[in-house]
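Below are the chains, spelled out letter by letter.
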Amino acid sequence: MAETDAAPGAQHFIPPQADTLDALRAAAAGCRGCELYRDASQTVFGRGDESARVVLIGEQPGDMEDQKGLPFVGPAGRLLRRAVDDAGIDPKHIYLTNAVKHFRFELRGKRRIHQTPDRVHITACRPWLVAEFSRLRPDLVVVLGATAAKALLGPTFRVTKQRGELLPWPAAAQRPEDFVRVPVDSAGKVADAPAAQLLATIHPSAVLRADDQDAAYAGLVQDLTVGARALAG
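Rules used throughout
Residues numbered from 1 in each chain as written. Predicted model: local features only at pLDDT ≥ 70, side-chain atom pairs only at ≥ 80, totals over all residues. Heavy atoms only, no water. Phe/Tyr/Trp six-rings, centres within 6.5 Å; stacked < 30°, edge-to-face > 60°. Helix = DSSP H or I, 4+ residues; strand = E, 2+ residues; numbered from the N terminus. Buried < 20%, exposed > 50% of the residue type's maximum accessible area, 1.4 Å probe, protein only. Lys NZ or Arg CZ within 6 Å of the ring centre and 35° of its normal. Salt bridge = Lys/Arg side-chain N within 4 Å of Asp/Glu carboxyl O. Axes fitted to C-alpha atoms, helices over the stretch in contact; angles between N-to-C directions. Parallel < 35°, antiparallel > 145°, perpendicular 65-115°, else oblique. Left-handed = near helix turned anticlockwise from the far one by under 90°. Contact = heavy atoms within 4.5 Å. Nonpolar A, V, L, I, M, F, W, Y, C, P; charged D, E, K, R; others polar. Pairing = 2+ DSSP bridges. Expected span 1.5 Å × (residues − 1). Bend = angle between axes of the 7 residues up to and from the residue.

Trainee: Would you take a moment to explain the packing of aromatic side chains for this structure?
Mentor: Remark: the centre distance and the inter-plane angle together describe each pair of aromatic rings, the angle taken between the planes. Taken as a whole and judged by the stated rule, the model has five aromatic pairs. Note on Phe133 and Phe179: the rings are 5.4 Å apart at their centroids and 85° apart in plane angle, and the pair reads as edge-to-face. Here Phe133, found in helix α5 (residues 119-133), pairs with Phe179, found in the loop between β6 (166-169) and β7 (181-183); they are 46 residues apart in sequence, far enough to count as distant. Taken as a pair, Phe133 and Phe179 share a single burial class, namely buried. Taken together, the ring pairs in this structure connect Phe133, Trp169 and Phe179 into an aromatic cluster. Note that Lys101 overlies the ring of Phe45, its terminal NZ or CZ placed 5.4 Å from the centroid. Its guanidinium or amino end placed over the ring of Phe105, Arg112 lies 4.8 Å from that ring's centre, counting from NZ or CZ.

Next up, the structure:
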């Protein structure tokens with residue numbers, strides 16, 4: 001099957017009348033924008049409310065997230081919640097989502113082993129991120145790891161070079177025009193998205209894989225603390 005056939009893109013599955021996060025979540029359950037839906041248990045959409053001050057974007061759901069249908073409920077999610085607390089960010093003001101909404105894995109015996117999404121999966125799923133941001137007005141956007149950075153900031157962005165650095169949002173996006181206009185009422189009126197900031201850091205799963213987990217965790221908290229100070233300021 002040709003790659004374009006395997007990944008027609010999520011834009012074909014986003015109904016134009018879906019004007020709330022709940023409506024988008026319901027529509028995403030039927031997404032066939034790439035081939036990952038065939039083996040995954042379900043679509044794992046974002047969670048949180050439209051008033052969230054902070055949007056945290058990871059890579060893709062893991063095995064536990066795929067089973068439960070919620071992002072960041074596995075080991076990496078538990079570590080992230082601890083890091084958010086240690087950085088001084090109020091967890092009640094957070095919206096959690098992933099760049100890719102289906103679990104990509106390979107079977108080894110009975111175990112499902114995580115596989116990093118390819119560029120085609122990131123591109124196919126990006127319209128869901130754009131749709132989510134059309135309902136969100138965060139003060140801070142945090143991209144967790146390379147896949148999330150590629151989805152929002154483009155393939156040349158390097159988390160290792162710019163982690164912990166505050167960037168203007170949506171100006172820093174690969175295509176800022178996708179994020180600069182947001183709806184303001186149910187009648188279809190739109191306005192410029194409020195200026196915000198973006199911060200890149202490592203994915204919490206990278207902490208779990210690190211040889212020195214204490215040092216990696218401290219680095220994650222340090223990056224998130226930059227964001228917390230920006231929120232406070």
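From this point, the discussion proceeds with the structure in view.
Trainee: Just checking my understanding: could you explain the pattern of salt bridges for this structure?
Mentor: When their charged atoms lie close together, side chains carrying opposite charge are able to pair. By the definition in use, this model includes 12 salt bridges. One salt bridge in this structure joins Arg25 and Asp22, with 2.7 Å as the shortest N-O distance. Taken together, the residues span about one helical turn, with Arg25 and Asp22 both in helix α2 (residues 21-28) at a distance of three residues. Residue classification places Arg25 among the partly exposed residues on the basis of a relative accessible area of 27%. Note that Asp178 and Arg126 form a salt bridge whose closest N and O atoms lie 2.6 Å from each other. Residue Asp178 is located in the loop between β6 and β7, and its partner Arg126 is located in helix α5; the two are separated by 52 residues in the primary sequence. By relative accessible area, Asp178 is classed as partly exposed at 26%. Connected through shared salt-bridge partners, Asp63, Asp66 and Arg112 make up one network.

Trainee: Can you walk me through the packing of α2 against α5 in this structure?
Mentor: When two helices pack together, their arrangement is given by the angle between the helix axes and the distance between those axes. One way to put it is that α2 packs onto α5 with a least axis distance of 10 Å and a crossing angle of 165°. In terms of orientation, α2 and α5 fall into the roughly antiparallel class. Every pair of crossing elements has a handedness; the one defined by α2 and α5 is right-handed. The residues of α5 that touch α2, namely those facing Leu21, Leu24, Ala27 and Ala28, are Trp128, Ala131 and Glu132. Looking at the contact of α2 with α5, its residues break down into six nonpolar, no polar and one charged.

Trainee: Quick question: what am I supposed to make of the sheet that holds strand β9 (residues 196-201) here?
Mentor: In any sheet, the strands associate via hydrogen bonds between backbone groups, in a parallel or an antiparallel arrangement. Reading across from one edge, β2-β1-β5-β9-β6 is the order of the five strands in this open sheet, with mixed pairing throughout. The two strands at the open ends of the sheet, each matched to only one other strand, are β2 (94-98) and β6. Within this sheet the neighbouring strands show an average axis-to-axis angle of 25°, counted without direction. Here five bridges tie strand β1 (residues 54-58) to β2, and the two strands are oriented parallel to one another. Considered in β2, the bridge of Val54 is made with Ile94. Each of β1, β2, β5 (140-144) and β6 touches α5; the most contacted strand, β2, lies at about 165° to it.

Trainee: Hey, could you run me through α5 in this one?
Mentor: Each α-helix winds once per 3.6 residues, and so residues spaced three or four apart point in a common direction. The end-to-end C-alpha separation of α5 is 21 Å, in line with the 21 Å expected for 15 residues at 1.5 Å each. Along its length, α5 shows its largest kink, about 35°, at Cys125, and proline Pro127 lies within four residues downstream of that point. Among the 15 residues that make up α5, 11 are buried, leaving the element largely enclosed by the rest of the structure. Residues His121, Ile122, Ala124, Cys125, Arg126, Pro127, Trp128, Leu129, Ala131, Glu132 and Phe133 constitute the buried set of α5.

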